[in-house]
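This is what each chain is made of:
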Amino acid sequence: GWNFFKKDTEGGHGTDGSLPVTLPTRFGKPCSDILLLLVLYVLQGIPLGLAGSVPLILQSKSASYTDQAFFSFVFWPFSLKLLWAPLVDAVYLRGFGRRKSWLVPTQYILGLFMIYMSTQVDMLLGDGKGRGPDVVALTVTFFLFEFLAATQDIAVDGWALTMLSRENVGYASTCNSVGQTAGYFLGNVLFLALESASFCNKYLRFQPQPQGIVTLSDFLFFWGAVFLITTTLVALLKKENKELTPTKEETKGITDTYRLLFSIIKMPAVLTFCLLILTAKVGFSAADAVTGLKLVEEGVPKEHLALLAVPMVPLQIILPLIISKYTAGPQPLNTFYKAMPFRLLLGLEFAFLVWWTPKVKHEGGFPVYYYVVVLLSYALHQISLYSMYVAIMAFNAKVSDPLIGGTYMTLLNTVSNLGGNWPSTVALWLVDPLTVKECAGAREQTCGTTVAAELCTKAGGSCVTTLDGYYVESVICVILGFGWWFLLGPKFKKLQDEGQTSWKCKRTN
């Protein structure tokens, strides 16, 4: 919700994490290839962006945090795609092309599925007249969307390596991050702005109307059609380069790849890394997962929150370039370690921000200085987030065994992404149980459960929140985070001193 560009939930961008600087020399084929890749990555960002906007819509329809936690499983497939990536790499129709065999069907299914969903989605979101959103159906739907988009991602990543020539292959990572960010923007920010009646009336219309310019069903229908058209064009027009000889790093088959993954995980250094990175992000979970939804609950318009992502785009382009100067040396994890306490303290600042929000609200919404403070907080958060993200990527690239480059690095990136997913889901799940409510106006009643709350209202009372679970959680997270930083942080930094041999895979042939 809060980290709009789900940078932590997307598998490693590109192969080496470096950003290329030179431009393709002759315009023509390389450029059309790069453009095609860009389009494919943009398409993949659309379902990601739409899924990111649903929690904000649910929140404005006052869904519970338990519902939100359930929906947050939607963001898992991108972190788990390693589980079926070997299958996508190994199984294909030779005549049709190794990557197109997966790309074309997944995009067709996505397109048709989006068009079908455009007829159902208004019903699933609830009509506001007593029928609430159907969270289970929405979760299943968007989980499938993300699963298909993640599968498309595996195919495009693989295709990028053979489609681009050796000197242009560095563009793969640029296409990935630029394309995905652009797609996310279209599916999230643009959609929420055009969907909001107040935004459209204020900035885009002369006569106010009760609805926004587009609804979720229009949007799904439009992108579904775009998916079908592009896929047809790719299927008919784009030929795959014949791969001359399978390269060294390609293993002999599916079972080999899974065996390899297993043998990588069993290495003591890798195992330590996995356990540490899976627990490292617990301290940020309340701030990252709940803050945005809390602000919507306090009345901040969801499209304004989404629009705050716009001034962040230049920051998100510049930051990795600056930070990679510091993480380029032999000890990238020092940056991670140094950024951590700042990001933890920002969690407390976010909690303060949520507490402050209702205090500055007035008739017309929120004052400009309020948005300035939110923007600054968000910018500081992005700086600390990127310092940690780039450091981990640099470390993963540094230790990955070049013999099996792709698989190894993807495994490490996958684990670091999962380290951000599970705490977010848990954080959302715990907001409601940690909230203390009392029944004001009726003595004997309590407000612990939904049933109790109904009885309280029947008895003429009303449920008042005496302690918001979000604040409890924010404090617990910061304590846990600093605990990790003091006790396990030094252990984590020590991983950099391990020799290259600790990370080399012992091939059993």
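Refer to the structure presented above.
Residues numbered from 1 in each chain as written. Predicted model: local features only at pLDDT ≥ 70, side-chain atom pairs only at ≥ 80, totals over all residues. Heavy atoms only, no water.

**A closer look at the overall build of the protein chain**
Regarding its fold elements, the protein chain presents 20 helices and 2 strands. Per-residue burial over the protein chain gives 53% buried out of 509 residues. Counting only contacts in the protein chain whose residues sit at least 6 apart along the sequence, the fraction spanning at least 24 positions is 82%. Summing over all exposed atoms, the protein chain offers an accessible surface of approximately 23500 Å²; the carbon and sulfur share of this is 68%. (Helix = DSSP H or I, 4+ residues; strand = E, 2+ residues; numbered from the N terminus. Buried < 20%, exposed > 50% of the residue type's maximum accessible area, 1.4 Å probe, protein only. Contact = heavy atoms within 4.5 Å. Areas by Shrake-Rupley, 256 points an atom, 1.4 Å probe, with all protein chains shown as cover.)

**Describing the environment of methionine 267**
Looking at where methionine 267 falls in the secondary structure, it is placed in the loop between α10 (254-266) and α11 (268-280). Excluding residues that lie within four positions of it along the chain, methionine 267 makes contacts with Tyr408, Ser502, Trp503, Lys504 and Cys505.

**Some thoughts on the side chain of glutamate 473**
On the secondary structure map, glutamate 473 appears in helix α19 (residues 469-487). Buried charge without a salt bridge: glutamate 473, with lysine 294 as the nearest opposite-charge side chain at an N-O distance of 9.5 Å. Among all residues touching glutamate 473, those that are not within four sequence positions of it are Ala286, Val290, Ala427, Leu430, Val431 and Leu434. (Lys, Arg positive; Asp, Glu negative; His and termini not counted. Salt bridge = Lys/Arg side-chain N within 4 Å of Asp/Glu carboxyl O.)

**Digging into the state of the cysteines**
Applying the stated rule across the entire model yields 2 disulfides. Disulfide pairing places cysteine 439 opposite cysteine 456 at an S-S distance of 2.1 Å. Here the S-S torsion is close to 90 degrees, and the disulfide linking cysteine 439 with cysteine 456 is therefore right-handed. Residue cysteine 439 is located in strand β1 (residues 436-440), and its partner cysteine 456 is located in helix α18 (residues 450-458); the two are separated by 17 residues in the primary sequence. Residue classification places cysteine 439 among the buried residues on the basis of a relative accessible area of 12%. For cysteine 447, the disulfide goes to cysteine 463, at an S-S distance of 2.1 Å. (Disulfide = S-S within 2.5 Å.)

**Quick notes on the packing of helix α5 (residues 100-124) against helix α6 (residues 135-163)**
It is at 10 Å that the axes of α5 and α6 come closest, and there the two elements cross at 160 degrees. Regarding the angle of α5 to α6, the classification is roughly antiparallel. Crossing of α5 over α6 shows left-handed handedness. Residue-level contacts link Lys100, Trp102, Leu103, Thr106, Gln107, Ile109, Leu110, Phe113, Met114, Met117, Val121 and Leu124 of α5 to Ala137, Leu138, Thr141, Leu144, Phe145, Leu148, Ala149, Thr151, Gln152, Ala155, Val156 and Trp159 of α6. By residue class, the composition of the contact of α5 with α6 is 18 nonpolar, 5 polar and 1 charged. (Axes fitted to C-alpha atoms, helices over the stretch in contact; angles between N-to-C directions. Parallel < 35°, antiparallel > 145°, perpendicular 65-115°, else oblique. Left-handed = near helix turned anticlockwise from the far one by under 90°. Nonpolar A, V, L, I, M, F, W, Y, C, P; charged D, E, K, R; others polar.)

**A closer look at the pattern of salt bridges**
Once the charged atoms of two side chains with opposite charge are near each other, the side chains can pair. Taken as a whole, this structure holds 7 salt bridges when the rule is applied. Here aspartate 256 ties to arginine 259 by a salt bridge, and the two come within 3.3 Å at their closest N and O atoms. Of this pair, aspartate 256 and arginine 259 are both found in helix α10, 3 residues apart, which corresponds to roughly one turn of the helix. The exposure class assigned to arginine 259 is exposed, which follows from its relative accessible area of 57%. Taking the shortest distance from any N to any O, the salt bridge between aspartate 468 and lysine 294 comes out at 3.0 Å. Here aspartate 468, found in the loop between β2 (462-467) and α19, pairs with lysine 294, found in helix α12 (residues 285-297); they are 174 residues apart in sequence, far enough to count as distant. Like lysine 294, aspartate 468 is buried. Through salt bridges with shared partners, a single ionic network connects Lys294, Glu297 and Asp468.

**Notes on the packing of aromatic side chains**
Each aromatic ring pair is described using two quantities: the centre-to-centre distance and the angle formed by the ring planes. For the structure shown, the criterion picks out 30 aromatic pairs. Ring plane angle 70 degrees and centroid distance 6.4 Å describe the contact between phenylalanine 73 and tryptophan 429, whose orientation is recorded as edge-to-face. With phenylalanine 73 in the loop between α2 (65-71) and α3 (77-80) and tryptophan 429 in helix α17 (residues 405-434), this pair connects stretches of sequence that are 356 residues apart. For phenylalanine 73, a relative accessible area of 30% corresponds to the partly exposed category. When the ring of tyrosine 337 is compared with that of tryptophan 485, the centres are 4.9 Å apart and the planes differ by 20 degrees; the resulting orientation is stacked. One end of the pair, tyrosine 337, is in helix α15 (residues 333-360); the other, tryptophan 485, is in helix α19, with 148 residues separating them in the sequence. For tryptophan 485, a relative accessible area of 16% puts it in the buried group. (Phe/Tyr/Trp six-rings, centres within 6.5 Å; stacked < 30°, edge-to-face > 60°.)

**A short note on the packing of α12 against α15**
Between two packed helices, the angle of one axis relative to the other and the distance separating the axes together describe the packing. Packing of α12 against α15 brings their axes to within 10 Å, and their N-to-C directions diverge by 15 degrees. By the angle between their axes, α12 is roughly parallel relative to α15. Relative to α15, the crossing made by α12 is left-handed. Along the contact surface, α12 presents Ala287, Asp288, Thr291, Lys294 and Leu295, while α15 presents Arg343, Gly347, Phe350, Val354 and Thr357.

**As for a nonpolar patch on the surface**
Judged by side-chain polarity, Phe70, Phe73, Val136, Val140, Phe143, Leu144, Phe147, Trp422, Val426, Trp429 and Leu430 come together as a nonpolar surface patch covering roughly 870 Å² of accessible area. Mapped onto the nonpolar patch, the elements with two or more residues apiece are α6 and α17. The leading source of residues in the nonpolar patch is α6, at 5 residues. Checked against the element boundaries, valine 136 lands in helix α6. (Patch = residues over 30% accessible without salt bridge, like charges linked within 9 Å, V, L, I, M, F, W, Y side chains within 5 Å.)

**Brief notes about the nonpolar core**
Ranked by internal contacts, the top residues of the largest apolar core, which has 62 residues, are Leu50, Phe142 and Tyr370. Ranked by the residues each element gives to this core, the list is headed by helix α1 (residues 29-60), at 8 residues. The contacts of leucine 50, once residues within four sequence positions are left out, are Met114, Phe142, Gly187, Phe191, Leu216, Phe219 and Leu220. If you look at the next biggest cluster of nonpolar residues, it comprises 36 residues, including Leu333, Tyr337, Phe395 and Phe492. (Core = buried A, V, L, I, M, F, W, Y, C linked by side-chain atoms within 4.5 Å.)

**Considering the side chain of serine 377**
Considering the arrangement of structural elements, one finds serine 377 in helix α16 (residues 368-399). The class of serine 377 is buried, set by a relative accessible area of 3%. Residues in contact with serine 377, not counting those within four places in the same chain, are Glu349, Phe350 and Leu353.

**Considerations on α19**
In this model α19 runs 27 Å from its N-terminal to its C-terminal C-alpha over 19 residues, within 8% of the 27 Å that 1.5 Å per residue would give. Put simply, aspartate 468 is the residue that caps the front of α19, since its side-chain oxygen is 2.8 Å from the backbone nitrogen of tyrosine 470. (Expected span 1.5 Å × (residues − 1). Polar contact = N/O pair within 3.5 Å; in protein donor to acceptor, adjacent residues only side chain to side chain.)

**What to know about the environment of phenylalanine 70**
Take phenylalanine 70: it is sitting in helix α2. Spatially, the C-alpha atom of phenylalanine 70 lies 7.4 Å from that of threonine 425, the residues being 355 residues apart in sequence. Contact partners of phenylalanine 70, with chain neighbours within four places excluded, come to Val135, Val136, Thr139 and Trp429.

Note that all results are geometric; they support no functional claim without further evidence.
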